[in-house]
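Residues per chain, in single letters:
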Amino acid sequence: MNDTNWTVLGVFSLLSVLAVGGGTAVLPEMKALTVTSHQWLTDDQFRNIYGLGQIAPGPNMLMVIVIGYHVAGLPGAALAFAGFFGPASVLAFAASRVWNRFEGSPWRLSVQRGLAPLAVGLMAAGTIAIARTAITGPATIALAAAVFGILYFTRTNPALLILAGGVAGLFLPH
Amino acid sequence: MSDAQAPGASSRAPVALPDIFFTFLLIGATSFGGGVVAYLRNGLVVSKQWFDEEEFLSLLEISQALPGLNATNMAVVAGDRLRGPAGAAAAFAGITLPGSLLVFVLGVLYAANHSNPEVNGVLHGVAAASVGLLAAVTLQVGHRQFEHLRDIAIIAAVIIMVSVLHLPLPLVLLIVAPIAIFLYRPHPERPLAPDRSGHDNKPAD
């Protein structure tokens with residue numbers, strides 16, 4: 001493994017254990033590390049790769065595979081995947097086995113209640129991070145607002161709206 | 001911890017590994033557009049009946065409290081409950097395989113076409129639409145939090161630290177997590193009610 005490969009593994013392993021509140025919560029840090037610190041991607045590339053992750057089924061954060069591929073080819077893709085999903089999965093496996101021992105502990109509830117607003121704050125920050133690269137003018141504001149309104153007030157399949165966003169994107173001014 | 005299976009697994013009839021793998025593979029291949037947790041509930045509780053609602057919520061609680069994606073954490077924890085470490089590995093492989101393959105193919109295609117204006121336009125539109133989706137999901141998940149002053153203060157502090165001050169995430173967690181847990185420390189007179197808001201619409205990650 002060369003230095004770049006180790007760096008890819010290190011960056012995504014760090015992000016893995018920091019993802020308190022899920023994938024969206026870690027987007028600002030992922031953007032800071034991949035765009036600003038290591039300069040692997042431009043803002044627009046980060047946004048587009050996030051979009052690729054939204055098109056595929058399953059966990060959206062599989063986008064890390066594309067970032068890894070972009071940086072270091074096939075090994076980079078594999079290392080980004082292993083780094084991002086490995087540590088958190090091993091932790092989940094180990095922690096779930098001891099979790100039930102704290103069944104009666106009042107602190108277990110304190111941790112859950114305390115981390116809930118932290119996670120919501122991080123999700124909001126993740127939304128802002130994507131908005132800063134994706135919202136570029138009146139057309140994209142209208143698109144995001146329309147999707148928000150439809151999802152918040154009706155029961156519509158989000159996948160349809162994401163696809164509609166892609167079609168609308170063909171007509172965005174560039 | 002000497003037995004192969006996690007607590008709670010002994011009362012259940014063993015589930016075959018291929019059955020676990022293909023069940024999670026189906027969920028991984030069909031969960032488009034977010035809300036993987038809803039697909040998991042449908043597959044594990046409704047269709048396979050491997051868990052009842054109460055067990056499913058307890059799995060979800062563990063998955064949300066830990067770092068990592070809810071979807072993959074749930075696959076690991078549920079697979080472990082069903083069939084020990086091998087079950088956890090089968091569930092994880094199943095839920096990530098379809099999306100990984102598709103994302104990889106899309107990534108290779110994108111690498112070859114990254115200066116194509118149509119490709120960039122479509123992905124730009126998808127990302128803009130995603131902002132609306134993320135905002136809606138954040139509000140739905142957080143609607144219970146937005147009613148309490150303490151929670152609103154924590155949420156605002158986190159947004160300012162991350163989005164305005166651009167502090168590194170480890171630092172934000174080190175500062176905010178202990179304070180937030182302390183604010184909700186156990187109180188002998190007023191026990192906390194379990195907060196199960198947002199369990200049906202957690203993000204897909």
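Residues numbered from 1 in each chain as written. Chains lettered and ligands numbered in written order. Predicted model: local features only at pLDDT ≥ 70, side-chain atom pairs only at ≥ 80, totals over all residues. Heavy atoms only, no water.

Quick word on the pattern of salt bridges
Applying the stated rule across the entire model yields six salt bridges over all chains. For Asp151 of chain B, the salt bridge identified is with Arg113 of chain A, shortest N-O distance 3.5 Å. Here Asp151 of chain B is found in helix H6 (residues 149-164), whereas its partner Arg113 of chain A is found in helix H5 (residues 106-134) on a different chain. With respect to class, Asp151 of chain B is no different from Arg113 of chain A; both count as buried. For Lys48 of chain B, the salt bridge identified is with Asp19 of chain B, shortest N-O distance 3.0 Å. (Salt bridge = Lys/Arg side-chain N within 4 Å of Asp/Glu carboxyl O. Helix = DSSP H or I, 4+ residues; strand = E, 2+ residues; numbered from the N terminus. Buried < 20%, exposed > 50% of the residue type's maximum accessible area, 1.4 Å probe, protein only.)

Points about empty space enclosed by the protein
Empty space among the atoms can be located by rolling a probe the size of a water molecule over them. In this structure the tally under the stated criterion is two cavities of 30 Å³ or more. By volume, the second largest cavity amounts to about 40 Å³. Lining the second largest cavity, in full, are Ser16, Phe84, Phe85, Ala88 and Ser89 of chain A together with Gly68, Leu69 and Thr72 of chain B. The greatest single-element share of the lining of the second largest cavity, amounting to four residues, is contributed by helix H4 (residues 63-99) of chain A. Across the lining of the second largest cavity, the residue classes break down as four nonpolar, four polar and no charged. (1 Å grid on protein atoms, 1.4 Å probe; cavity = no way out; pocket = protein on both sides within 12 Å on 5 of 7 lines; lining within 4 Å. Points joined across faces, edges and corners; volume = space filled by probe spheres on them. Nonpolar A, V, L, I, M, F, W, Y, C, P; charged D, E, K, R; others polar.)

Considerations on the interface of chain B and chain A
Across the boundary between the two partners, chain B contributes 99 residues, which contact 96 residues of chain A. A buried area of about 8400 Å², summed over both sides, lies between chain B and chain A, and 74% of it is on carbon and sulfur atoms. Applying the counting criterion to the chain B and chain A interface returns three salt bridges. Residue Glu61 of chain B pairs with Arg108 of chain A through a salt bridge whose shortest N-O separation is 3.7 Å. Remark: the boundary between chain B and chain A carries 14 residue pairs in polar contact (both at pLDDT 80 or more). Those elements giving two or more residues to the side of chain B that touches chain A turn out to be helix H1 (17-30), helix H3 (53-65), helix H4 (70-112), helix H5 (117-142), H6 and helix H7 (169-183) of chain B. It is H5 of chain B that contributes the most residues to the side of chain B that touches chain A, 24 residues altogether. Its residues assigned to classes, the side of chain B that touches chain A comprises 62 nonpolar, 27 polar and ten charged. (Contact = heavy atoms within 4.5 Å. Buried area = accessible area lost by both parts, 1.4 Å probe. Polar contact = N/O pair within 3.5 Å; in protein donor to acceptor, adjacent residues only side chain to side chain.)

Regarding the packing of aromatic side chains
Applying the stated criterion across every chain, the model contains eight aromatic pairs over all chains. Aromatic side chains Phe81 of chain A and Phe92 of chain B sit 6.0 Å apart centroid to centroid with 45° between the ring planes, which places their arrangement in the tilted category. Placement of the pair is Phe81 of chain A in helix H4 and Phe92 of chain B in helix H4, with the two residues belonging to separate chains. Among the residues examined, Phe92 of chain B registers a relative accessible area of 17% and is labelled buried. Seen in terms of ring centroids, Phe84 of chain A and Phe85 of chain A are 5.3 Å apart; in terms of plane orientation they differ by 85°. Their pairing is edge-to-face. Phe85 of chain A matches Phe84 of chain A in its accessibility class, with the two residues each being buried. Pairwise contacts between aromatic rings join Phe81, Phe84 and Phe85 of chain A together with Phe92 of chain B into one cluster. Stacked on the ring of Tyr184 of chain B, the Lys or Arg Arg150 of chain B has its end atom at 4.3 Å from the ring centre. Directly above the ring of Phe182 of chain B sits Arg185 of chain B, whose terminal nitrogen or CZ lies 4.2 Å from the centroid. (Phe/Tyr/Trp six-rings, centres within 6.5 Å; stacked < 30°, edge-to-face > 60°. Lys NZ or Arg CZ within 6 Å of the ring centre and 35° of its normal.)

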